[in-house]
Structures are given as structure tokens and as C-alpha cells.
Amino acid sequence: DGTYTFIMPAEPVDLKVLFLRENNPFLDINETRFFYDSILWAYEKGIAYGITDTEFSPDASCKRSQVVTFLWRAAGSPEPETTEHSFVDVKKGSFYEKAVLWAVENEITVGTDAAHFDPDLPCTRAQVVTFLWRAAGKPAASGEIPFTDVPAGKWYADPIRWAVENEITFGMTDTKFGTDGTCTRGQVVTFLYR
């Protein structure tokens, strides 16, 4: 009925009331942020979880291990065809091991070199959009790229063209995509959601 009651303690108190959507366990996201619906969608679908039970950390940088795991879960968590890899820094049994195997098998990503995946390295906006584009099957895109920091012929030019054309992401400004900027957890799940 829109009213709420509580028992007043004997000593004076300051009240802070926070209303959360019933299925929103995260205290650090609210409806005013662009990623709100995306994060709840990813959480409800089992694609992304919080860093704690009550914190999603939407503004924290998203690591390579997290990005491939989100993509893998969004694809239905398929079993990779192999259990072997050459990366000395991908721990057996880690939350991201199968995701890395799947992503490499499907040519979504490769390591930073033949022996390293660098799971804790933050992903850039260009890398995340490229992973998404590859996961989507490298679809063709047409149109102009309005960003001065996306030179034609760069490995991320076609993925960015595709992402902008399909309204998966936009630039940081009208003329800058922010290719080398770190992609946040909120941005990554929003790209996936779109």
C-alpha cells in the first residue's frame, strides 16, 4: 500500500531508505545509471555476478578473464572441445578456464602471446568490441566510422563499425570512441545486452 513501518529505537537515529528492485541484490547500481537493466539482465541470466553478494562494481575495469567468461556464459556455457591450452597463467579449475578454451577454439581471442592469456589484464573498449564481433561471426558492416581514434585498416575498425551500426555501443564523445580506454564491467554487460 506504499507505507512502511519500523520500530523506533530508544536512542535517536538517522534513517537512510534505499528501495531496490525485488530482483536487484546490488547496492551499487540504481535505475539512474545506463547499465542498470543490463546488469540485472546479466545477473538473472547467469551471465555475470557481483564481486560480492551485494556489490557488482559496475565502474571497475573488466578483466580479460571476466570478458571471455561473460561471453561464454551468454553463449550457453558450451563445453570446449579440448581441455589443453598453452597458457601458463590460466589456472586449472579457475572460473574462466573453460571460457578461455572456448574463446580460443572459436577464434574470439588469442593470448597476449603463445604462453600467456593475461587473465587479470583489463580489457580495452576496442578489445571488448572485437571479442563481441568475433563471437557474432564477424558480420559485415558498412557506413562511416565517425571517430578520429579509429583509423581505417586497424584490427578493431570493422568491429567498431559493426558495433556502432548495430547500436551495441557508441563513442565516448561524438568524435572519440576511446579505443584504448579500459572497458568497465557495466559497459561490457551493456554491450552484451544490446
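Further up the page is the structure itself.
Here's what I pulled together on the structure shown here. Please read these numbers as outputs of a predicted model, since none were measured by experiment. (Residues numbered from 1 in each chain as written. Predicted model: local features only at pLDDT ≥ 70, side-chain atom pairs only at ≥ 80, totals over all residues. Heavy atoms only, no water.)

## A few points about empty space enclosed by the protein
One pass over the structure, following the stated rule, counts one cavity of 30 Å³ or more. Space inside the largest cavity adds up to approximately 30 Å³. Lining the largest cavity are Val-67, Leu-71, Val-128, Phe-131, Leu-132, Val-188 and Leu-192. Elements supplying a minimum of two residues to the lining of the largest cavity: helix 2 (64–74), helix 4 (125–135) and helix 6 (185–193). (1 Å grid on protein atoms, 1.4 Å probe; cavity = no way out; pocket = protein on both sides within 12 Å on 5 of 7 lines; lining within 4 Å. Points joined across faces, edges and corners; volume = space filled by probe spheres on them. Helix = DSSP H or I, 4+ residues; strand = E, 2+ residues; numbered from the N terminus.)

## Examining the packing of aromatic side chains
Inspection of every chain in the model, using the stated rule, returns nine aromatic pairs. Judged by centre distance (4.9 Å) and plane angle (80°), the rings of Trp-155 and Tyr-156 are edge-to-face. Trp-155 gets classed as partly exposed once you look at its relative accessible area, which sits at 48%. Clustering of aromatic rings is evident, with ring pairs tying together Phe-26, Tyr-43, Tyr-49 and Phe-56. Residue placement shows Arg-64 over the ring face of Phe-117; its charged tip is 4.3 Å from the ring centre. Seen from the ring of Phe-56, Arg-185 lies directly overhead, with NZ or CZ sitting 4.3 Å from the centre. (Phe/Tyr/Trp six-rings, centres within 6.5 Å; stacked < 30°, edge-to-face > 60°. Buried < 20%, exposed > 50% of the residue type's maximum accessible area, 1.4 Å probe, protein only. Lys NZ or Arg CZ within 6 Å of the ring centre and 35° of its normal.)

## Quick look at the packing of helix 2 against helix 6
Packing of helix 2 against helix 6 leaves a shortest axis separation of 11 Å and a crossing angle of 25°. Looking at the two axes, helix 2 sits roughly parallel to helix 6. Along this stretch, helix 2 crosses helix 6, giving a crossing that reads as right-handed. In this structure, helix 2 contributes Gln-66, Val-67, Phe-70, Leu-71 and Ala-74 to the contact, and helix 6 contributes Arg-185, Val-188, Val-189 and Leu-192. In the contact of helix 2 with helix 6, the residues fall into seven nonpolar, one polar and one charged. (Axes fitted to C-alpha atoms, helices over the stretch in contact; angles between N-to-C directions. Parallel < 35°, antiparallel > 145°, perpendicular 65-115°, else oblique. Left-handed = near helix turned anticlockwise from the far one by under 90°. Contact = heavy atoms within 4.5 Å. Nonpolar A, V, L, I, M, F, W, Y, C, P; charged D, E, K, R; others polar.)

## What to know about helix 6
With respect to burial, helix 6 is a largely interior element, eight of its nine residues being buried. Those residues of helix 6 lying buried are Arg-185, Gly-186, Gln-187, Val-188, Val-189, Thr-190, Phe-191 and Leu-192.

## Here we look at the environment of Phe-177
In this structure, Phe-177 sits in the loop between helix 5 (157–165) and helix 6. Separated by 14 residues in the primary sequence, Phe-177 and Ala-163 have C-alpha atoms spaced 11 Å apart. Residues contacting Phe-177, with those up to four places away along its chain left out, are Arg-125, Ala-126, Val-129, Phe-147, Asp-149, Val-150, Ile-160, Thr-169, Phe-170, Gly-171 and Met-172.

## Digging into the nonpolar core
Ranked by internal contacts, the top residues of the largest apolar core, which has 47 residues, are Ile-29, Val-67, Phe-70, Leu-71, Val-128, Leu-132 and Val-150. Elements with a contribution of two residues or more to this core: helix 1 (36–44), helix 2, helix 3 (97–105), helix 4, helix 5 and helix 6. When residues of this core are assigned to their parent elements, the largest contribution, six residues, is made by helix 4. Excluding its chain neighbours within four sequence positions, the residues that come into contact with Ile-29 are Asn-24, Phe-35, Tyr-36, Ile-39, Leu-40, Phe-56 and Pro-58. (Core = buried A, V, L, I, M, F, W, Y, C linked by side-chain atoms within 4.5 Å.)

## Details of the packing of helix 4 against helix 5
The contact between helix 4 and helix 5 brings their axes to 8 Å, and the two run at 80°. When the axes of helix 4 and helix 5 are compared, the pair comes out roughly perpendicular. Within the contact between the two elements, helix 4 uses Val-129, Thr-130, Leu-132 and Trp-133 and helix 5 uses Asp-158, Pro-159, Ile-160, Trp-162 and Ala-163. In the contact of helix 4 with helix 5, the residues fall into seven nonpolar, one polar and one charged.

## Observations concerning unusual backbone geometry
Even without a glycine there, the phi angle at Ser-77 is positive, about 55°. With respect to the helices and strands, Ser-77 occurs in the loop between helix 2 and helix 3.

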